[in-house]
Amino acid sequence: MSRAEDLHLLTVAAAGRRIHDGSLTPTSYVEALIERVRRLDPVLRCTITLAAEAALAAANLAESEIRRGGWKGPLHGIPIGVKDCIATEGLRTSANSRVLGDWVPAQDAPAVAALRAAGAIVFAKLNLNEFAWSIPSEDDLHAPPRNPWSLDHYAMGSSSGSAVAVASGLCPAALGTDAGGSVRQPASNCGVVGLKPTHRLVDASGAFAAPSICEVGPITRSVEDAALLLGALAGGSYAENLGWPPKRARIGVPSRHIDLAQADPQIGSAFAESIRVLRQLGMEIVEVEIEGLADAAAADFIVLNAEAFAAHETKLRTRIADYGPSARLYHTQGAFLSAADYIAALRTGESVQARVDETLAHVDALATPVVPFLTAEAARAAKAQPHTGGGAVFTAPFNLTGHPALVVPGGMSAERIPIGLQLVGRAGGEADLLRLGHAFEQATPWHTMHPPLDAAAALG
Amino acid sequence: MNRLSAARLGEMASGLQLELGDDELTRLLPMVQDLLDVAQILRQKQPGGIDHMGQRERPTDKSR
């Protein structure tokens, strides 16, 4: 891989090794990705702010630090994208809303600070649905990113720009936020890896997010890269021992919950094939019944709506016209909920959390599809209670219960749109979860596939 | 489920000092109705008032 053009295919781990051994400089890497963003982003629409000048300055600094023997680790000199609702010091943070406009934060969100401390370079601020709501809207300040696998479709959100940028090779990794599936659904839809960590494992302050249910998590092109980023975000060495095969792991499948969601048949087939692969890897597959998972998805959206209104109340009263026509309604819904509604939703979470914990005492992880729909448009058109968890029936329960959930590429539809597999682990069990995901990833071809972007480049 | 009217929603929005036009209230109505319906179901499933002291549901393991 010597051509500058191919640098976009490097994973974080591979780029980190090359930067460490001197065969790649952070400056040439950042320059190659800046060129790629400028060429492809007019079509993909995943970048709100490209921090070209600052990223090149940081790359120069990293280069001289490494040359002087000050290598900080595998993220040193690696350009990272950041969802534009996460604060970045000295770099515009708009949340894709006129409400924030050209706000330039005075300090980094802790997650961004942690990545910078590990030597990563903040490369770009990435597009999202306005204030990280889950449904793409044409009337947001910046139009929704396109799915690089099928440019006729939007990418699922809300961390759509992060998933599109990583899948398209505009940056090797990005941060997203996830309050109901907003890291995992776009990762699945774009054929990349997404991790929602255990509640509060990663400091999510400084991100515009519902505090009880939202996590900051990495979107990457490999499970190893997700482990590397989590190590920097949370402390610890999740990438070590990743290759040790899990010993006769037991995987629980909540079949009744999955069947009730009536997922697209192609998603059902891909999930069945993923389960076959897990079994072939020596894992024991057991059926589990966890009462209340669908209630937990709905309850997560009650909490999300209530906390979103609480966060936006003042701005909605004084500057409602600055919100996009859809976003102003999304953020207003929670105003009509009562305190009793909110408490009932939190209690639902406590009950289901206990049931998931009890189940995970007998199995090592749960496996589910990620989203019942193949495209963002299908999810929006299905009217499956889009504001109360219908499209997030597999992802949102684990925001409310706080369990970690990893999405890995798990299939491809006939229309060449990626389909993901979700693995849910014990609270604080990210190391085991990542090992399971890594074993699955290495046994399947999906992570080696890249979207066909030559046509997009020609359009751009 | 209690049905919410656009007029009632408008009154509530006005009481909360939220300036929403008629079109916006029309779009908002089914969204809020969905949310309130779901919330009502959850409240019924999670009785937590003083009438239910000591009767809180205990989670049961259905996985074995």
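Rules behind the numbers
- Residues numbered from 1 in each chain as written.
- Chains lettered and ligands numbered in written order.
- Predicted model: local features only at pLDDT ≥ 70, side-chain atom pairs only at ≥ 80, totals over all residues.
- Buried ≥ 20, exposed ≤ 12 C-beta atoms within 10 Å, placed from the backbone.
- Helix = DSSP H or I, 4+ residues; strand = E, 2+ residues; numbered from the N terminus.
- Arc of directions from axis to C-beta.
- Axes fitted to C-alpha atoms, helices over the stretch in contact; angles between N-to-C directions.
- Parallel < 35°, antiparallel > 145°, perpendicular 65-115°, else oblique.
- Left-handed = near helix turned anticlockwise from the far one by under 90°.
- Contact = placed C-beta atoms within 7 Å.
- Nonpolar A, V, L, I, M, F, W, Y, C, P; charged D, E, K, R; others polar.
- pLDDT = per-residue confidence, 0-100.

In this section: helix H1 (residues 12-21) of chain A. Residues and elements named next belong to chain A. When H1 is considered as a whole, its buried residues turn out to be Val12, Ala13, Ala15, Gly16 and Ile19. End-on, the buried residues of H1 take up no more than an arc of 165 degrees, which puts them together on one face. Looking one or two places after H1, you find glycine 22, whose phi comes out positive at around 90 degrees.

All right, on to the packing of helix H12 (residues 339-360) of chain A against helix H2 (residues 22-45) of chain B then. As a packed pair, H12 of chain A and H2 of chain B sit with axes 9 Å apart at the nearest point and diverge in direction by 60 degrees. When the axis of H12 of chain A is compared with that of H2 of chain B, the two are oblique. For the pair H12 of chain A and H2 of chain B, the sense of crossing is left-handed. Note on element contacts: H2 of chain B touches H12 of chain A through Ala39, Leu42 and Arg43 of chain B, opposite Ala340, Asp341, Ala344, Ala345 and Thr348 of chain A. Considering only residue class, the contact of H12 of chain A with H2 of chain B consists of five nonpolar, one polar and two charged.

To continue, consider the confidence of the model for chain B. Low pLDDT marks regions whose predicted coordinates should not be analysed in detail. Residues and elements named next belong to chain B. Per-residue confidence for chain B gives a mean pLDDT of 82; residues scoring 70 or more make up 70%. A low-confidence stretch, residues 60-64 (pLDDT under 50), is modelled with 12 contacts involving residues beyond four sequence positions or located in other chains. Predicted complex, confidence summary: ipTM 0.87, pTM 0.95.

Further remarks concern the environment of threonine 348 of chain A. All names here are of chain A. The residue threonine 348 is located in helix H12 in this model. Accessibility expressed as a C-beta count within 10 Å gives 27 for threonine 348, which makes it buried. Each C-alpha atom of the pair threonine 348 and glutamine 280 lies 36 Å from the other, and the pair is 68 residues apart in sequence.

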